[in-house]
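Structure at a glance
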Amino acid sequence: MERPAPTKTTAGSGAAPIRLGADAFVRLFLFATLTGGPVGLLATAGITASVMNWRTRLATNNLQAYASASERDPAILALVPLVTLVVLVIPVLCLALRRGRRTRVTWDEAGITEWEGDSVRTFIARATARVASEVNVRTSKQGSRVSTQTVSHVVQVSDAHGRRITVAWRDPRYRLGFGSRPLWMRRRPVLTKLEAVEELLATFAPSVARLAIEPDERSTRRPLASLATALNLLGFGLCGLSLYSINTNNGAREQSGLLLIIAGLLFAAAVLRPIGECIAVARVAKRVADAQKASFDVTPQGVVLVTLSDGRALPADSSKLVHADSHVHRRAGAVRAVVEVIESSDVYRGEPARAVVHAVDTEVERAERRRILIANALEIAARLAHVCLLLTIGALIFTRIQQF
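Below is a summary of the structure that appears in this document.

Thoughts on the pattern of salt bridges
- For the structure shown, the criterion picks out 16 salt bridges.
- Residue Glu-217 is joined to Arg-221 by a salt bridge in which the shortest nitrogen-to-oxygen separation is 3.3 Å.
- Via salt bridges that share partners, Asp-361, Glu-363, Arg-366, Arg-369 and Arg-370 belong to a single interconnected network.

What follows is the structure, encoded as structure tokens:
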């Protein structure tokens, strides 16, 4: 359900911290338990049966070999809890890496700013800002009395260049519920007070047209959220059916192994999502690979100067620059920039050279790319290990090499 922004606009300033609540970690841990738990149980049963059969065969021929095999049992069986622990811990660790430093949003007469630590990540000028608002309301009826409850409120401030700052509030009673916010925001930080969202919304003029709330650049690098969720849920369901089949038949059957093989292939398809994000991040890094150290400064006359790594201070032409921070070329501090120096065409008039700024790479962006690559590497490794274990167990059951 969408609600148009208030018609009253009161320019003012404000600030609100954005927090990633513990419920995001709890949901992820529970889902990892559901997907990794059945695999751990199957692996435990299979390894236990294999060790017992091996020990029995050795015991009939050699008592010393029986003792040796018995000593190896704890070490072999310890692999299963270790694999299960990795499946449970890695997703939470990856989410913690992606979280970054503390974030907050501030707004004033100039515009709205998203901060990461003490650095600006996104800034949208008020003159070019457009606002979209979406309220999710649940209606309950008790007899003749109808009551409404605000479940969530999402506000997105954007501009024509694709910059987006999205803030949301969610009722604490629906923390573990799905569908209260857009799917791409399910692991994004939220505001703790509804009043902060309403205060922010009231300070911006309503858009002429009703705008849709869309993913920002960070979220579009990790697309297919709905498809990945569907694949994971379907794979989890097949794992559950396989366990149920083994339990009801008092042993493993070919259909149980086939279900596990299909589930493993579904989980393998979900690996394409972090791989796609890594490719997108690598493209961004390649685009700024030739960036040089630079710094910006603004003269008292309002002219923006860029100081290059060779010490030259040239007038900066930012007409081709599109950055999440629309005022990045007006902020002091060292950055890395892709700059094209254009020499004067009229040497007789002595016109100075100018610097055309094509891209700016800040320390916040570089740190974010490093965190994403590390988190995705861990996620891909854990997912592939999970898939390999699942496919191996499924193949052993399907070929009836391993009995449970």
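Alright, that's what it looks like, and here's the rest.
Some points on the pairing of strand β6 (residues 145-158)
- When strand β5 (residues 130-142) meets β6, the two strands line up antiparallel, connected through 13 bridges. Of the residues in β6, the one forming a bridge with Val-137 is Thr-150.
- Taking the residues that link successive antiparallel strands as the turn, the β5-β6 hairpin has 2 residues, and the phi of Gly-143 there is positive, at about 70°.
- Pairing of β6 with strand β7 (residues 164-170) involves 7 bridges; the strand directions are antiparallel. Bridge assignment links Val-155 to a residue of β7, and that residue is Val-167.
- Linkage of β6 to β7, two consecutive antiparallel strands, is achieved through a turn of 5 residues, within which Gly-162 is found at a positive phi near 90°.

Topic: the sheet that holds strand β4 (residues 119-125)
- Strand order in this open sheet of 4 strands is β1-β2-β3-β4, and the pairing throughout is antiparallel. The sheet is open, and its two edges are formed by β1 (14-18) and β4, each paired on a single side. Geometrically, the sheet is characterised by an average inter-axis angle of 15° between neighbouring strands, direction not taken into account.
- In this fold helix α4 (residues 194-202) packs onto β1, β2 (103-107) and β3 (111-116), with an angle of close to 40° to the strand it touches most, β2.

Section: helix α6 (residues 225-248)
- Its 24 residues place the ends of α6 35 Å apart at the C-alpha level, agreeing with the 34 Å of an ideal helix rising 1.5 Å per residue.
- Those residues of α6 lying buried are Ala-225, Ala-228, Leu-231, Asn-232, Gly-235, Leu-238, Cys-239, Ser-242, Ser-245 and Ile-246.

Here's the deal with the side chain of Asp-216
- Counting through the fold element by element, Asp-216 comes out in the loop between α4 and α5 (217-220).
- Residues within four places of Asp-216 in sequence aside, it is in contact with Arg-164, Trp-184 and Arg-188.

Quick word on α4
- Among all positions in α4, only Leu-194, Ala-196, Val-197, Leu-200 and Leu-201 are buried. Considered in projection along α4, the buried side chains sweep an arc of 165° and stay on one side of the axis.
- Residues of α4 that are buried make contact with β1, β2, β3, β5, β6 and β7.

Comments concerning the packing of helix α7 (residues 254-270) against helix α9 (residues 363-398)
- Here α7 crosses α9 at 160°, and the two axes come no closer than 7 Å. When the axes of α7 and α9 are compared, the pair comes out roughly antiparallel. The crossing of α7 and α9 is left-handed. Touching Glu-254, Ser-256, Gly-257, Leu-258, Leu-260, Ile-261, Ala-263, Gly-264, Leu-265, Phe-267, Ala-268 and Ala-270 of α7 are Arg-383, His-386, Val-387, Leu-390, Leu-391, Ile-393, Gly-394, Ala-395, Ile-397 and Phe-398, all from α9.

Parameters and conventions
Residues numbered from 1 in each chain as written. Predicted model: local features only at pLDDT ≥ 70, side-chain atom pairs only at ≥ 80, totals over all residues. Heavy atoms only, no water. Salt bridge = Lys/Arg side-chain N within 4 Å of Asp/Glu carboxyl O. Pairing = 2+ DSSP bridges. Helix = DSSP H or I, 4+ residues; strand = E, 2+ residues; numbered from the N terminus. Axes fitted to C-alpha atoms, helices over the stretch in contact; angles between N-to-C directions. Contact = heavy atoms within 4.5 Å. Expected span 1.5 Å × (residues − 1). Buried < 20%, exposed > 50% of the residue type's maximum accessible area, 1.4 Å probe, protein only. Arc of directions from axis to C-beta. Parallel < 35°, antiparallel > 145°, perpendicular 65-115°, else oblique. Left-handed = near helix turned anticlockwise from the far one by under 90°.

Worth remembering: the numbers are spatial, not functional.
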